[in-house]
Amino acid sequence: MPSWFDLHEIPVTADSPGDVDGVLKAVKNVHAMIDAEIASGTTPDNVFVCGFSQVGALTLASVLLYPKTLGGGAVFSGWVPFNESLIDKFPDDARKSGSFGAHEIIDNWHLCGTST
């Protein structure tokens with residue numbers, strides 16, 4: 001099935017293997033969309049990236065790795081799609097972007113906070 005990046009298992013847990021290279025490739029695609037929007041005259045603080053499930057995970061990565069402060073990102077039933085190795089790559093301006101996250105209490109696809 002086509003997707004933004006590979007999922008190696010479902011449900012996704014904190015211990016699930018990640019596809020960091022695939023996530024970074026997908027982030028480049030999202031950044032290109034953001035760049036096009038900004039080039040058309042939208043200011044970065046008026047750009048919001050939102051996503052559900054896998055795109056929620058991609059939203060988090062895209063906002064935190066974008067070189068400018070964006071209006072924000074909203075993640076619905078997503079997860080953190082990378083490990084600690086990418087935290088140092090977050091630009092200082094990206095860390096100022098707003099964020100919102102929401103998750104269902106009962107979700108058999110994304111087991112938030114589950115780790116062995």
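Check the entry above for the structure.
Reading the values: rules and limits
- Residues numbered from 1 in each chain as written.
- Predicted model: local features only at pLDDT ≥ 70, side-chain atom pairs only at ≥ 80, totals over all residues.
- Heavy atoms only, no water.
- Axes fitted to C-alpha atoms, helices over the stretch in contact; angles between N-to-C directions.
- Helix = DSSP H or I, 4+ residues; strand = E, 2+ residues; numbered from the N terminus.
- Parallel < 35°, antiparallel > 145°, perpendicular 65-115°, else oblique.
- Left-handed = near helix turned anticlockwise from the far one by under 90°.
- Contact = heavy atoms within 4.5 Å.
- Buried < 20%, exposed > 50% of the residue type's maximum accessible area, 1.4 Å probe, protein only.
- Right-handed = clockwise from strand over helix to strand, strands pointing away.

**As for the packing of helix α1 (residues 20–39) against helix α2 (residues 54–65)**
At a minimum axis separation of 9 Å, α1 and α2 run at an interaxial angle of 70°. Classified by the interaxial angle, the pair formed by α1 and α2 is roughly perpendicular. Here the hand of the crossing between α1 and α2 comes out right-handed. Taking contact as the criterion, the partners of V23, L24, A26, V27, V30 and H31 in α1 are, on α2, L58, A61, S62 and L65.

**What to know about the pairing of strand β2 (residues 72–76)**
Of all 5 residues making up β2, 4 are buried, and the element is well covered by its neighbours. Read from strand β1 (residues 48–52) through α2 to β2, the crossover connection turns out right-handed.

Coordinates in, geometry out; function isn't part of it.
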